[in-house]
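Given next are the chains, with one letter for each unit.
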Amino acid sequence: MNSLKYIFSENARKEILELLRTHGFDTNIKSIEDFKIPKYLYKYTSINKYLLNNLNKNRLTATTPTEFNDIYDSTMHFDHVTQYRESFKKLNEGSKKLGLAEVITPEMEIPLIKQAKELDKFSLTYLAKDFSIVCLSSNPSDIKMWAHYSNNNQGICIAYDFDKSKYDHKRFIYPVVYIDSPLEVTNLCEDNNTIMLATLTSVISKFRDWEYEKEWRMIIHFLNNEQVRMEIENIPEPEYIILGSKFIDNIEKLRMTNREEYLLTEEFLNHIKDNSIKLKIVNPQIRSFKLEYVDIDISDILREFR
């Protein structure tokens, strides 16, 4: 089975679940039911040329995880140091039984352990670089997400219903697994039958501090992939789009300070109008830290450009 067929398969999800159980991880993924995709998945973004291109062509952009902001995102954790030391010990014990001198002396061990440490560091991102990932969320209402990924509340959040996908994109969407310590994959990667299991589990695993993101990932894998960005075609049209709480206020600021972004915003809104996409806007609440949304008419916003 090639890598894409494995990612698509129900068996991959079962093996990930079993692997997490076997290693004793307490995660947000408890059963195979937790792999079922919610009704809507959301994409937080600023208004930019890539967004407009994707909206016009019904696409999403996948990125190699080596470009992500979390330095441990999608990393693979090996322990060749322990492996080397265990091998040295066995060699020396076998030599001793034969009445011979040590095969690996302490002096010889120093550069070999240094080599093992360098291999562990190199291996952190070596296998993950062949993946391309679209980051989505099941939560459109997190104030941190709006601040970090939607241009400080000046951007948008797009709702997608992947049940409407013509090409069953759901087959390569996975929930992110939030864990307290990395999965150690040295032994798994020694077996050709479990390398893909090890890499796939690693690219959907993140430190538990990120759990508020409630992230889901659309995952593509090609060997020797050298593309930083990859376009995923035939994505369903947005069900609706949520505007950040500062979206409208930002229009006037852009008019005076950034003509290029101002025109991109106008183009974005015209796309909404031309395609009859339902629009909402974040409505900050009094005496609450929760986010709520209200429907808004596109014509009311386009008046800002007159």
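Remember, it's a predicted structure, so these values are computed and weren't measured experimentally.

Cut-offs applied
- Residues numbered from 1 in each chain as written.
- Predicted model: local features only at pLDDT ≥ 70, side-chain atom pairs only at ≥ 80, totals over all residues.
- Heavy atoms only, no water.
- Helix = DSSP H or I, 4+ residues; strand = E, 2+ residues; numbered from the N terminus.
- Buried < 20%, exposed > 50% of the residue type's maximum accessible area, 1.4 Å probe, protein only.
- Contact = heavy atoms within 4.5 Å.
- Areas by Shrake-Rupley, 256 points an atom, 1.4 Å probe, with all protein chains shown as cover.
- Lys, Arg positive; Asp, Glu negative; His and termini not counted.
- Charge placed at Lys NZ, Arg CZ, Asp CG, Glu CD.
- Pairing = 2+ DSSP bridges.
- Phe/Tyr/Trp six-rings, centres within 6.5 Å; stacked < 30°, edge-to-face > 60°.
- Lys NZ or Arg CZ within 6 Å of the ring centre and 35° of its normal.
- 1 Å grid on protein atoms, 1.4 Å probe; cavity = no way out; pocket = protein on both sides within 12 Å on 5 of 7 lines; lining within 4 Å.
- Points joined across faces, edges and corners; volume = space filled by probe spheres on them.
- Nonpolar A, V, L, I, M, F, W, Y, C, P; charged D, E, K, R; others polar.
- Salt bridge = Lys/Arg side-chain N within 4 Å of Asp/Glu carboxyl O.
- Arc of directions from axis to C-beta.

The next point concerns the overall build of the protein chain. Within the protein chain one finds ten helices and twelve strands. The buried share among the 306 residues of the protein chain stands at 47%. In the protein chain, of all internal contacts separated by at least 6 residues, the share reaching a separation of at least 24 is 81%. Taken as a whole, the protein chain presents about 16,800 Å² of accessible surface, with 50% of it coming from carbon and sulfur. In the protein chain, 41 side chains carry a positive charge and 47 a negative one; their mean positions are 3 Å apart.

Most of strand 1 (residues 41–45) sits out of view: four of its five residues are buried. Pairing of strand 1 with strand 4 (residues 156–160) involves five bridges; the strand directions are antiparallel. Directly across from Thr 45, in strand 4, lies its bridge partner Ile 156.

Tallied over the entire structure, the rule returns ten aromatic pairs. An aromatic cluster is defined as three or more aromatic residues linked by ring pairs; in this entry it consists of Tyr 40, Tyr 42 and Tyr 240. We note Arg 171 situated over the ring of Phe 8; from NZ or CZ to the ring centre the distance is 4.1 Å. Taking the ring centre of Trp 210 as reference, the NZ or CZ of Lys 206 above it sits at 4.6 Å.

Size it by volume and the largest pocket reaches roughly 810 Å³. Lys 43, Tyr 44, Thr 63, Cys 135 and Tyr 149 are, among the 34 residues lining the largest pocket, the residues nearest its centre. A per-class count over the lining of the largest pocket returns 15 nonpolar, ten polar and nine charged. In this structure, the second largest pocket spans a volume of roughly 360 Å³. Considering the residues around the second largest pocket, the lining is formed by 18 residues, among which Ser 3, Ile 195, Met 196, Thr 199 and His 221 are closest to the centre.

Before going further, it helps to spend a moment on the side chain of Arg 13. Its place among the elements puts Arg 13 in helix 2 (residues 10–22). Comment: no salt bridge for buried Arg 13; closest opposite-charge side chain is Glu 10, at 5.1 Å. Arg 13 has contacts with Ile 7, Phe 8, Ile 32, Phe 35, Lys 170, Arg 171, Phe 172, Ile 173 and Tyr 174, leaving out every residue within four places of it along the chain.

On to the environment of Ile 242. Tracing the chain through its elements places Ile 242 in strand 10 (residues 240–243). Every residue in contact with Ile 242, bar those within four places of it in the chain, is listed here: Pro 140, Trp 146, Gly 155, Ile 156, Cys 157, Lys 280, Ile 281, Val 282 and Tyr 293.

So, on to helix 8 (residues 247–257). Restricting attention to buried positions, one finds in helix 8 the residues Phe 247, Asn 250, Ile 251 and Leu 254. Buried residues of helix 8 fall within an arc of 115° about the axis and therefore sit on the same side. The outward face of helix 8, more than 90 degrees from its buried face, is lined by the exposed residues Asp 249 and Met 256. On its buried face, helix 8 sits against strand 4, strand 10, helix 9 (259–274) and helix 10 (298–302).

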